[in-house]
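# Structural characterization, general
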Amino acid sequence: MDTVTFQGTPLHLMGQQPKVGAPAPDFTLTANDLSPRTLKDYAGKILVLACVPSLDTPVCDLEMRHFNAEAAKLSDKVRIVAVSRDLPFAQARWCGAANAKAVETLSDYKEGGFGLAYGVLIEELRLLARAVFVVGPDGILTYSQIVPEMTDEPDYAAVLNAVKALA
């Protein structure tokens, strides 16, 4: 997918979207404490990368609260990570306000390297498109969903089915 829409207006995605069945692209993201996180930090785990434009928007807030509730029900072999270009301080504030303890938030604010590596950096806004990627314990991308309209939520059932297939 080369474009998504925001309220019907087309927006262009930058980068190359990884293929299901291929190794997941490595990344360096920033945690709330400003420490770096890479794909290797999640080796041996089932990793759900839930990309959102901004946690400070209603749909993103709703989505991540939903994933936080689901994460609390899943095995400790599963990690759900919210990825946005929000500053780590804003992500930490959101976690506190949402009482989000089961979802980790990571920021791509520095260079947008994650967005480019996963093909979800929006050229016009420099935000991430709404997307979900599932990476198996072996580092292979097993599921990819880019939501065509940014104001829509992802298909949660499909994501959870992809996670359960790996568990």
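Scroll up for the structure.
Notes on the structure follow.

Conventions and cut-offs
- Residues numbered from 1 in each chain as written.
- Predicted model: local features only at pLDDT ≥ 70, side-chain atom pairs only at ≥ 80, totals over all residues.
- Heavy atoms only, no water.
- Patch = residues over 30% accessible without salt bridge, like charges linked within 9 Å, V, L, I, M, F, W, Y side chains within 5 Å.
- Areas by Shrake-Rupley, 256 points an atom, 1.4 Å probe, with all protein chains shown as cover.
- Salt bridge = Lys/Arg side-chain N within 4 Å of Asp/Glu carboxyl O.
- Helix = DSSP H or I, 4+ residues; strand = E, 2+ residues; numbered from the N terminus.
- Core = buried A, V, L, I, M, F, W, Y, C linked by side-chain atoms within 4.5 Å.
- Buried < 20%, exposed > 50% of the residue type's maximum accessible area, 1.4 Å probe, protein only.
- Contact = heavy atoms within 4.5 Å.
- Phe/Tyr/Trp six-rings, centres within 6.5 Å; stacked < 30°, edge-to-face > 60°.
- Polar contact = N/O pair within 3.5 Å; in protein donor to acceptor, adjacent residues only side chain to side chain.
- Axes fitted to C-alpha atoms, helices over the stretch in contact; angles between N-to-C directions.
- Left-handed = near helix turned anticlockwise from the far one by under 90°.
- Nonpolar A, V, L, I, M, F, W, Y, C, P; charged D, E, K, R; others polar.
- Lys, Arg positive; Asp, Glu negative; His and termini not counted.
- Pairing = 2+ DSSP bridges.
- Right-handed = clockwise from strand over helix to strand, strands pointing away.

Another point: a nonpolar patch on the surface. A cluster of nonpolar residues, L34, L87 and F89, forms a patch on the protein surface that exposes about 310 Å² of accessible area. The residue F89 is located in helix α2 (residues 88-98) in this model.

Moving on: the pattern of salt bridges. Summed over all chains, the structure comprises 6 salt bridges. The partner of R65 in a salt bridge is D61, and the shortest N-O contact between them spans 3.0 Å. Remark: D61 and R65 occur in helix α1 (residues 58-73); sequence separation between them is 4 residues, near one turn of the helix.

One broad trend across soluble globular proteins is that nonpolar side chains are buried collectively. Ranked by internal contacts, the top residues of the largest apolar core, which has 28 residues, are L49, F114 and V120. Of all the secondary-structure elements, those providing two or more residues to this core are β2 (9-14), β5 (46-51), β6 (78-84), β8 (121-122), β9 (131-135) and β10 (141-146). Non-local contacts of V120, meaning those with residues more than four positions away in its chain, are made with L13, M14, C51, F114, G115, L127, L128, A129, A131, F133 and I146. Within the second largest apolar cluster, 24 residues are counted, among which are A50, F67, Y143 and A162.

Glancing now at the packing of aromatic side chains. In total, this model carries 5 aromatic pairs according to the counting rule given. Put simply, the rings of F27, F114, Y118 and F133 pair up and form one aromatic cluster.

Moving on, we come to unusual backbone geometry. Of note in the backbone geometry, N99 takes a positive phi value of approximately 50 degrees without being a glycine. With respect to the helices and strands, N99 occurs in the loop between α2 and β7 (103-107). The backbone of R126 shows a phi angle near 60 degrees, a positive value even though the residue is not glycine.

The residue S84 is located in strand β6 in this model. Its relative accessible area of 1% is what places S84 among the buried residues. Reaching out from S84, the side chain makes a polar contact with the side chain of D86 at a distance of 2.9 Å. Here S84 is in contact with V52, P53, L55, Q91, L106, S107, D108, Y109 and L128, once residues within four sequence places are set aside.

Between α1 and helix α4 (residues 156-166), the least distance of the axes is 12 Å, while the angle of their chain directions is 35 degrees. Crossing of α1 against α4: the hand is right-handed. Residues L62, E63, H66, F67 and E70 of α1 form the contact with α4, whose participating residues are Y156, V159 and L160. Of the residues in the contact of α1 with α4, the class split is 5 nonpolar, 1 polar and 2 charged.

Position of E149 among the secondary structure elements: in the loop between β10 and α4. It turns out E149 is buried and unbridged, and the closest side chain with the opposite charge, R130, is 8.1 Å from it. Reaching out from E149, the side chain makes a polar contact with the side chain of T5 at a distance of 2.5 Å. E149 has contacts with T5, F6, Q7 and G8, leaving out every residue within four places of it along the chain.

Where burial is concerned, most of β5 is hidden: 6 out of the 6 residues are buried. Residues I46, V48 and A50 point to one face of β5 and L47, L49 and C51 to the other, with burial holding for every one of them. Relative to β6, β5 runs parallel, the two being bridged by 6 bridges. In the sheet register, L47 faces β6, and the bridge partner there is R79. Each parallel crossover has a hand, and the one from β5 via α1 to β6 is right-handed.

This is a description of form; function is not addressed.
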